[in-house]
Amino acid sequence: MKITSVKSHVLQYDMAEELGYSQQFYAKRSAHLVEVTTDEGITGWGECFGPGNVAIANKGIVERVIQPMVLGDDPLDRDVIWHKVYNLLRDHGQMGMPMQSLSGVDIALWDIAGKVAGMPLHKLIGGAHRSRVKAYGYGMMLKRESVLDHAARFRDEAAAIREKGFAAAKMKVGLGPREDVELCKAVRQGVGDGFRFMVDANHCYTTSDAFYVGRALEELGAYWFEEPVAPEDLDGYRELRAGLKVNIAGGEAEFNRWRWRQILENRGLDIAQPEVCAIGGISEYLRILALSHAHFTPVINHVWGSAIAMATNLQLLAAMPSLPGGMFPWEPLLEFDTTENKFRDDLLDDPLNVQQQVKSSNGYVEVPQGPGIGAEPDLDFLKHYEIDV
């Protein structure tokens, strides 16, 4: 079997309303899918992390840089392909967009391997530790409105996420430390006592401001404080973990096993959040998962993007061993963006219907059982939303 083409599909549409997080507002929804075809008629699908113009730039890397490197290769030689591409790109970026692009290709190769074997990805990895995964809902995005309006809306959205059946709720912050504490208080009111909520700062704080917010989160009983400081600030992460009771989470903006080795050895994370569509794909994710567990650091995958990313992560969460194990083990969660997303809800021939499953199954989502990642895009839908770049 040989690879005959590697193609990018950048999808985009105008959203009904503008949303934001601590770094920017955005009004377009986008996704970047990768299609790898073979001379035996088997096609694999993957996804690259990165929205908007980043996706457009990554399309060039996928098609004009990586594709010539792998044409004619056996797609089942995915580890050989991974290292060939990484080594040839090493001089031009061990992190960032080259790794995002490699991720989409690698996921597609694993999808092909599962289809050749006639088994789902979790079986190919070594089996399922669980057949379904509990999901948490994130929402409570920033808008161009006052702090009071944010607080009222966040309180209502948090209550709605709990009502929909999700196991926990996650909010955004980024208005400023004192303003953000008020938003966190509103979310605690919305979900009520005893329900988990998490706070995602998208690395907007200095260490001192993160301590201010983190101490308030201790009082409010937040489950984790995500990306409180810049990903480069390993000392800040270590200081926050040592000085706060709330769990410190992060890692979505990290790449490759060598960078993750530094992070884990630094002991700055209570919860690791690798993004499979960015770190180098499934091949590198499995190495980083093993590295995290070797440091006794639990993993809850960062999930963003289309149904391809969602299906891939369900497979990976199924195959994740419990850490440390026991009769009632700590279990990973599936991240689910509760804002409107056609590329997640309407992309597939056989939709995942995550929100319906969550509502009817006490927060659980079933792991797809089809071969590969267990998800096939509707090609007519894909063509409708693909942009010409």
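A brief report on the enclosed structure follows. (Residues numbered from 1 in each chain as written. Predicted model: local features only at pLDDT ≥ 70, side-chain atom pairs only at ≥ 80, totals over all residues. Heavy atoms only, no water.)

1. Some words on the overall build of the chain
Okay, step 1: What the chain contains, in helices and strands, is 14 helices and 11 strands.
Okay, step 2: Taking 2.2 N^0.38 as the reference for a compact globule, 389 residues should give roughly 21 Å; the C-alpha atoms of the chain span a radius of gyration of 20 Å, in line with that estimate.
Okay, step 3: Projecting the C-alpha coordinates of the chain onto the three principal axes gives extents of approximately 60 × 45 × 45 Å.
Okay, step 4: Looking at the 389 residues of the chain, the share that counts as buried comes to 58%.
Okay, step 5: Surface exposure of the chain reaches about 15,300 Å², of which carbon and sulfur atoms provide 49%. (Helix = DSSP H or I, 4+ residues; strand = E, 2+ residues; numbered from the N terminus. Rg over C-alpha atoms; globule rule 2.2 N^0.38 Å. Buried < 20%, exposed > 50% of the residue type's maximum accessible area, 1.4 Å probe, protein only. Areas by Shrake-Rupley, 256 points an atom, 1.4 Å probe, with all protein chains shown as cover.)

2. Focus: the side chain of Arg259
Okay, step 1: Topologically, Arg259 is positioned in helix H9 (residues 256–266).
Okay, step 2: At 2.8 Å, the side chain of Arg259 and the side chain of Glu254 are in polar contact.
Okay, step 3: With near-sequence residues (within four places) excluded, Arg259 lies in contact with Met95, Pro231, Glu232, Leu234 and Glu254. (Polar contact = N/O pair within 3.5 Å; in protein donor to acceptor, adjacent residues only side chain to side chain. Contact = heavy atoms within 4.5 Å.)

3. Focus on the sheet that holds strand E3 (residues 43–48)
Okay, step 1: Taken in spatial order, the three strands make up an open sheet running E1-E2-E3, and their pairing is antiparallel. Both edges of this open sheet fall to strand E1 (3–20) and E3, since each of them pairs with a single strand only. Each strand of the sheet is rotated relative to its neighbour by a mean of 20 degrees, with strand direction disregarded.
Okay, step 2: With six bridges joining them, strand E2 (residues 25–38) and E3 adopt antiparallel strand pairing. For Val36, the partnering residue across the bridge sits in E3 and is Gly44. (Pairing = 2+ DSSP bridges. Axes fitted to C-alpha atoms, helices over the stretch in contact; angles between N-to-C directions.)

4. Regarding the packing of aromatic side chains
Okay, step 1: All told, the structure shown has 13 aromatic pairs when counted by the stated rule.
Okay, step 2: Three or more aromatic residues link up through ring pairs in this structure, and these residues are Tyr13, Phe343, Phe381 and Tyr385.
Okay, step 3: Across from the ring centre of Tyr364, 3.7 Å away, lies the NZ or CZ of Arg132, which sits over that ring.
Okay, step 4: The ring of Trp82 carries Arg287 above its face, with NZ or CZ at 5.0 Å from the centroid. (Phe/Tyr/Trp six-rings, centres within 6.5 Å; stacked < 30°, edge-to-face > 60°. Lys NZ or Arg CZ within 6 Å of the ring centre and 35° of its normal.)

5. A closer look at the pattern of salt bridges
Okay, step 1: The full count for this structure, using the stated rule, is 24 salt bridges.
Okay, step 2: Put simply, Glu254 and Arg259 hold a salt bridge, and the shortest N to O gap is 2.8 Å. As far as burial versus exposure is concerned, Glu254 and Arg259 are alike and both buried. (Salt bridge = Lys/Arg side-chain N within 4 Å of Asp/Glu carboxyl O.)

6. Let's talk about the side chain of Lys170
Okay, step 1: Locating Lys170 in the fold gives a position in strand E5 (residues 169–172).
Okay, step 2: A polar contact of 3.1 Å, which involves the side chain of Lys170, links it to the side chain of Tyr136.
Okay, step 3: Side-chain polar atoms of Lys170 contact the side chain of Glu226, separated by 2.8 Å.
Okay, step 4: Setting aside chain neighbours within four positions, we find Lys170 in contact with Tyr136, Gly137, Tyr138, Gly139, Met140, Met198, Val199, Asp200, Trp224, Glu226 and Glu335.

7. Some thoughts on the pairing of strand E10 (residues 334–337)
Okay, step 1: The alternating pattern of E10 places Leu334 and Phe336 on one face and Glu335 and Asp337 on the opposite face, and all of these are buried.
Okay, step 2: Across four bridges, strand E4 (residues 132–138) lies against E10 in parallel orientation. Residue pairing for E10: Gly137 is matched across the bridge by Phe336.

8. Focus on the nonpolar core
Okay, step 1: Residues Met171, Phe225 and Leu334 are the most contacted members of the largest nonpolar core, which totals 125 residues.
Okay, step 2: Of all the elements, helix H11 (residues 307–318) adds the most residues to this core, at nine residues.
Okay, step 3: Excluding anything up to four places from it in sequence, Met171 contacts Gly139, Met140, Phe154, Leu183, Cys184, Val187, Phe197, Met198, Val199 and Asp200. (Core = buried A, V, L, I, M, F, W, Y, C linked by side-chain atoms within 4.5 Å.)

9. Section: the pairing of strand E6 (residues 197–200)
Okay, step 1: On E6, burial covers both faces: Phe197 and Val199 on one face and Met198 and Asp200 on the other are all buried.
Okay, step 2: The pairing of E5 with E6 spans four bridges and is parallel. Residue Lys170 lies in a different strand from E6, and its bridge partner there is Met198.
Okay, step 3: For the crossover from E5 across helix H6 (residues 177–191) to E6, the handedness is right-handed.
Okay, step 4: Summarising the sheet, E6 and strand E7 (residues 224–226) pair through two bridges and their orientation is parallel. Bridge pairing links Asp200 to Glu226 in E7. (Right-handed = clockwise from strand over helix to strand, strands pointing away.)

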